[in-house]
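Chain by chain, the residues run as shown.
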Amino acid sequence: MIASILLSVGFLSACGVVLAFLIVLAERKILNYGPCTIDINDGERRLTVQGGSSLLSNLAEQQIFIPSACGGRGSCAYCKLRILDGAGAIGPVEQPHLTPEDRKEGRRLSCQVKVRSDLKIEIPKHLFSVKRYLGRAARKRPLTYDIVELTIDLVEPREMEFVAGQYVQLESPEYKGRESVMRAYSISSVPSARNRIQLMVRLVPNGICTTWVFEHLKEGQSLHLSGPYGEFHLSDTDAPILFIAGGSGMAPIWSMLQDMEEKGIRRKATYFFGAVTQKDLFLVDELKAMEQRLDWFTFVPALSNEPPGSGWSGERGLITEVLARHVPDTSAHEAYLCGSPGMIDAAIAVLKKGGMPESRIFYDKFA
Amino acid sequence: MTAPETGLFSSFLLIVISAAFTDNILLARFLGMCSCLGVSKKVDTSIGLGAAVTFVTASTAALNYLVYTYILRPLGIEYLKLIVFIVVIAAFTQIVEMLIERISEGLYNALGIFLPLITVNCAILGSSLFMLNKPYSFLQAFGFGLGCGFGWFLAISLIGGIREKINESVVPKGLEGPGITLIIIGIMALAFVGFSGMIKV
């Protein structure tokens, strides 16, 4: 009796140990691709890494942060990079995310490409300055009933160099069974304040990260973010500017306006701020004061669904209608848009109708 | 002198065919249903998974036959076969996945990604257990595994093809997805029951 119990327990343990040993051995021997070289931007940087894991995680280990919201599971498709050589065949997870154009130019999801041999890749320059930061939530200031301004003190590294219009990815930790995610928020503060950044976060019903910011994040609490990302910034021309944004889409515009004032850039600029009713408006006093102070700046808030007779004396109607009324001829302007895809598509249609070439329309869509 | 060899071959073939058709593991025994429902939306993924299952079923049937005959039976611990077979299958799929990944990326993309899915597929464990019911030789056990896997491959490819067609037609809301698939599998099972008893091995 005892002997048979001992025999079966002993046999099963031995079986487990032998098989586990075999798997570990196989992992060492079979999946060992040896050191591989990653050549970035034609020799600009060379990394030597141990092959076998994904390109995205290899780059992150070397402190190069590629935007990624899904954590390497191949569902967000933010981590696309051009891989010129050594990427291998396109995997089934990548298939649905790659457009014919991507395929032609060799763009791949870096989270799905394993480093198996020497690679030649291209990384946009601005991603080199991306770092992961430890920060502290210094202040949560409600701007409207569903938008807060989140002020973050940077702790480690202490300073972030960015251009007005860029965004950061805020990491929400796991809470109440919701997974940890990263979400992009434009920086609304000025680039000259390097140690303290501000974001405008709008509460998305059931949104994982926004709910965390609204309900769980306390002032003084530590958090992680990475950045700066994005190529949404002012161009170098003198063309008069049309800013069009609604809700939390104001963030990059507010940063650009403050930056222009600080740097003494005197380009003509008009900001069309679209909102539904008066309770959706915010920072109006600051923007009106800015309009008084600066002769080059005009501020046009417009409400699309304000009840008649509410005492609102400003513009009424959809922001695109107001835009068409104010600037019928847009051919000499440059436009910067930030907001929901629907709003941006509608605004682009109006701008093009007014004569603006598509090359002078810059936008930051948030999905 | 060639007679015994053809005899061996024909018995092997007979076992393969009977395992694939008269005792179809998916349609007659309803094993391996979870991964079948999950992956049979398209023909090409069905074929990929089916091929992976065929390969793994055939190899693990042979492997488990050896483990059973030369380790479990001499030690008198046949009652441990269930748990031992599971770990052998799991370890085998893991190692094969690594091998395929290393050897051919194309093959890995076609087959390898399905391997983790079938580590715990009951059709594979089932065929390893069922083969012990008959006094098979090593080669016959391998044939039985091959036949089981091929039968599963055949069934899931057919289901995949039907589901692709069904996607283009209107299905009552409550029956969409797994519902209509199970009904289809039931009807196909009826058809396969028609084979039963045709071959006695």
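Calculation rules
- Residues numbered from 1 in each chain as written.
- Chains lettered and ligands numbered in written order.
- Predicted model: local features only at pLDDT ≥ 70, side-chain atom pairs only at ≥ 80, totals over all residues.
- Helix = DSSP H or I, 4+ residues; strand = E, 2+ residues; numbered from the N terminus.
- Buried ≥ 20, exposed ≤ 12 C-beta atoms within 10 Å, placed from the backbone.
- Contact = placed C-beta atoms within 7 Å.
- Expected span 1.5 Å × (residues − 1).
- Core = buried A, V, L, I, M, F, W, Y, C linked by C-beta atoms within 7 Å.
- Arc of directions from axis to C-beta.
- Nonpolar A, V, L, I, M, F, W, Y, C, P; charged D, E, K, R; others polar.
- Pairing = 2+ DSSP bridges.
- Axes fitted to C-alpha atoms, helices over the stretch in contact; angles between N-to-C directions.
- Parallel < 35°, antiparallel > 145°, perpendicular 65-115°, else oblique.
- Left-handed = near helix turned anticlockwise from the far one by under 90°.

Asker: Which residues make up the overall build of chain A, and what values do they have?
Answerer: In terms of helices and strands, chain A carries 8 helices and 17 strands. Taken across its 367 residues, chain A has 35% of its residues classed as buried. When contacts within chain A are restricted to residue pairs at least 6 apart in sequence, those whose partners lie at least 24 apart make up 69%.

Asker: A description of the overall build of chain B should follow, citing residues and the corresponding values.
Answerer: A tally of regular secondary structure across chain B gives 9 helices and 0 strands. Across chain B, helices and strands are ordered from the amino to the carboxyl terminus as α-α-α-α-α-α-α-α-α. Of all intrachain contacts in chain B linking residues separated by at least 6 positions in sequence, the fraction that spans at least 24 positions is 80%.

Asker: Describe helix 3 (residues 43-75) of chain B, naming the residues involved and giving the relevant values.
Answerer: Over its 33 residues, helix 3 of chain B runs 45 Å from end to end, which matches the ideal 48 Å to within 8%, given 1.5 Å per residue. Once helix 3 of chain B ends, the next one or two residues include Gly76(B), with phi positive near 70°.

Asker: Would you mind going over the nonpolar core in detail, with residue names and values included?
Answerer: Within the largest apolar cluster, 83 residues are counted, with the highest numbers of intra-cluster contacts made by Leu199(A), Phe243(A), Ile244(A), Ile253(A), Tyr271(A), Phe272(A) and Leu337(A). In this structure, Ile89(B), Phe92(B), Leu115(B) and Ala155(B) belong to the second largest nonpolar core, which totals 51 residues.

Asker: How would you summarise helix 4 (residues 208-216) of chain A if you had to cite specific residues and measurements?
Answerer: It helps to recall that an α-helix has 3.6 residues per turn; residues three or four apart then point in one direction. Residues and elements named next belong to chain A. Among all positions of helix 4, only Cys209, Thr210, Trp212 and Val213 are buried. Viewed end-on, helix 4 has its buried residues packed into an arc of 160°, placing them on one side of the element. Those residues of helix 4 hidden inside the fold are in contact with strand 7 (147-156), strand 8 (167-172), strand 9 (181-186) and strand 10 (196-202).

Asker: Quick one: what's the story with the interface of chain B and chain A, residue by residue and with numbers?
Answerer: Residue-level contacts link 16 residues of chain B with 17 residues of chain A. At the level of secondary structure, the elements contributing two or more residues to the side of chain B that touches chain A comprise helix 4 (81-103) and helix 5 (105-110) of chain B. Examining the composition of the side of chain B that touches chain A, we find that 9 residues originate from one element, helix 4 of chain B, more than from any other. Considered class by class, the residues forming the side of chain B that touches chain A number 11 nonpolar, 3 polar and 2 charged.

Asker: Give me the sheet that holds strand 11 (residues 222-229) of chain A: which residues, what numbers.
Answerer: All names here are of chain A. Taking strand neighbours across the sheet as the criterion, the 6 strands line up as 9-8-11-6-7-10 in an open arrangement whose pairing is antiparallel. In this open sheet, the two edge strands, each paired with only one partner strand, are strand 9 and strand 10. Adjacent strand axes in the sheet meet at a mean angle of 40° when their direction is disregarded. Sheet topology places strand 6 (residues 131-142) next to strand 11; 6 bridges connect them, and they run antiparallel. Note on strand 11: the bridge partner recorded for Lys131 is Gly227. Across the sheet, helix 4 touches strand 7, strand 8, strand 9 and strand 10, and the angle it forms with strand 8 is around 75°.

Asker: Let's hear about the packing of helix 4 of chain B against helix 7 (residues 122-130) of chain B: which residues, and what values?
Answerer: In a pair of packed helices, the angle between the axes and the distance between the axes together describe the arrangement. Residue and element names in this part refer to chain B. Orientation of helix 4 relative to helix 7, taken along the N-to-C sense of each, is 130°, at an axis distance of 10 Å. For the element pair helix 4 / helix 7, the angle class is oblique. In this structure, helix 4 meets helix 7 at a crossing whose hand is right-handed. Side by side, helix 4 and helix 7 meet where Phe85, Ile86 and Ile89 of the first sit next to Ile124, Leu125, Ser128 and Leu129 of the second.

Asker: Hey, could you go over the sheet that holds strand 1 (residues 35-40) of chain A for me, with residue numbers and the actual values?
Answerer: Residue and element names in this part refer to chain A. With mixed pairing, the 5 strands of this open sheet are ordered in space as 2-1-5-3-4. Because the sheet does not close on itself, it has two edges, and the strands there are strand 2 (45-50) and strand 4 (107-109). Across this sheet, the average inter-strand angle for adjacent strands is 40°, counted without regard to direction. In this sheet, strand 4 lies alongside strand 3 (residues 80-85) in antiparallel orientation, the contact comprising 3 bridges. Within strand 4, the residue paired with Lys80 across the bridge is Leu109.

Asker: Lay out the environment of Arg82(A) in plain terms, naming residues and giving numbers.
Answerer: Residues and elements named next belong to chain A. Within the secondary structure, Arg82 is located in strand 3. For Arg82, a count of 17 C-beta atoms within 10 Å translates into the label partly exposed. Along the primary structure Arg82 and Glu122 are separated by 40 residues, whereas in three dimensions their C-alpha atoms are 5.3 Å apart. Setting aside residues no more than four positions away along its own chain, Arg82 makes contact with Glu105, Gly106, Arg107, Ile121 and Glu122.

Asker: I'd like a rundown of the pairing of strand 1 of chain A, residues and numbers included.
Answerer: All names here are of chain A. Pairing of strand 1 with strand 2 involves 6 bridges; the strand directions are antiparallel. Each bridged residue has a counterpart across the sheet, and for Cys36 the counterpart in strand 2 is Val49. In this structure, strand 1 lies alongside strand 5 (residues 119-122), joined through 3 bridges in parallel fashion. Bridge pairing in strand 5 links Ile38 to Leu119.

Asker: So, the environment of Val16(B): which residues are in play, and what are the values?
Answerer: Residue and element names in this part refer to chain B. Structurally, Val16 is set in helix 1 (residues 2-22). Its 22 C-beta neighbours within 10 Å are what place Val16 among the buried residues. In this view, Val16 contacts Gly143, Leu146, Gly147 and Phe150; residues no more than four positions away in its chain are not counted.

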